[in-house]
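Residue-level structural notes
Chain residues, written in single-letter form:
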Amino acid sequence: CIDAIDAAPLSIVIVGIGEADFSDMQFLDDHSGDIDIAQFVEFNKHKNSGNDNLASVTLREIPRQLENCFVRNQIMPNPPIQVEEEEIVVSPEEEEIDLTIDFGDEGNPVGVSGGEGVFVPSY
């Protein structure tokens, strides 16, 4: 089935979850065809390694699969853009404004401080 779609711009990622024996799924990673578009990862082997490791292992093959797809279809990347240092503009940080709301004894807002003074709503 995978051989029928391996020329498509597609990556298949399968994560095996649970206590099952996933050894039969290894054929996905050991794909013998010309094109490898499938990745199988056993969740339990990586669940205690942290989410970053699980994500890294799960998505590891996708960049190479994408690059191979582009090369197969003769899609070449655009040339890199050259940017001069003068063209890089760093905006100054905005001033943080404290907008503290005073709710008074009855729970109604009686004033908002911050910015240019105090705002007192009229009821």
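From a predicted model like this one, the values you see are computed outputs, not experimental measurements.

1. Looking at the overall build of the chain
- Secondary structure summary: the chain contains four helices and five strands in total.
- Counting helices and strands in the order they occur from the N terminus, the chain gives α-β-β-α-α-α-β-β-β.
- Counting across all 123 residues of the chain, residues that qualify as buried make up 16%.
- Taking the contacts inside the chain whose residues are at least 6 apart along the sequence as the reference set, 45% of them involve residues at least 24 apart.
- Carbon and sulfur atoms make up 54% of the accessible area of the chain, which totals about 10,200 Å².

2. Some details on the environment of Leu54
- Following the sequence through the fold, Leu54 ends up in helix 3 (residues 51–59).
- For Leu54, a relative accessible area of 15% corresponds to the buried category.
- On a C-alpha basis, the gap between Leu54 and Val41 in space is 8.6 Å, while along the polypeptide they are 13 residues apart.
- Among residues more than four places away in sequence, those in contact with Leu54 are Val41, Phe43 and His46.

3. Section: the pattern of salt bridges
- Going through the model one piece at a time under the given rule, you end up with two salt bridges.
- Its salt-bridge partner being Lys45, residue Glu42 comes within 3.6 Å of it at the nearest N-O pair.
- By relative accessible area, Glu42 is classed as partly exposed at 21%.
- Arg64 is the salt-bridge partner of Glu61, the closest N and O atoms lying 3.7 Å from each other.

4. Some details on the pairing of strand 2 (residues 38–42)
- In terms of burial, strand 2 is a largely internal element, four of the five residues being buried.
- Summarising the sheet, strand 1 (residues 12–16) and strand 2 pair through five bridges and their orientation is parallel. Opposite Ile12, over in strand 2, you have Ala38 as the bridge partner.

5. Description of the confidence of the model for the chain
- When pLDDT is averaged along the chain, the result is 78; 84% of the residues meet or exceed 70.
- Ranking the elements of the chain by mean pLDDT puts strand 5 (residues 118–119) last with 57 and strand 1 first with 88.

Reading the values: rules and limits
Residues numbered from 1 in each chain as written. Predicted model: local features only at pLDDT ≥ 70, side-chain atom pairs only at ≥ 80, totals over all residues. Heavy atoms only, no water. Helix = DSSP H or I, 4+ residues; strand = E, 2+ residues; numbered from the N terminus. Buried < 20%, exposed > 50% of the residue type's maximum accessible area, 1.4 Å probe, protein only. Contact = heavy atoms within 4.5 Å. Areas by Shrake-Rupley, 256 points an atom, 1.4 Å probe, with all protein chains shown as cover. Salt bridge = Lys/Arg side-chain N within 4 Å of Asp/Glu carboxyl O. Pairing = 2+ DSSP bridges. pLDDT = per-residue confidence, 0-100.

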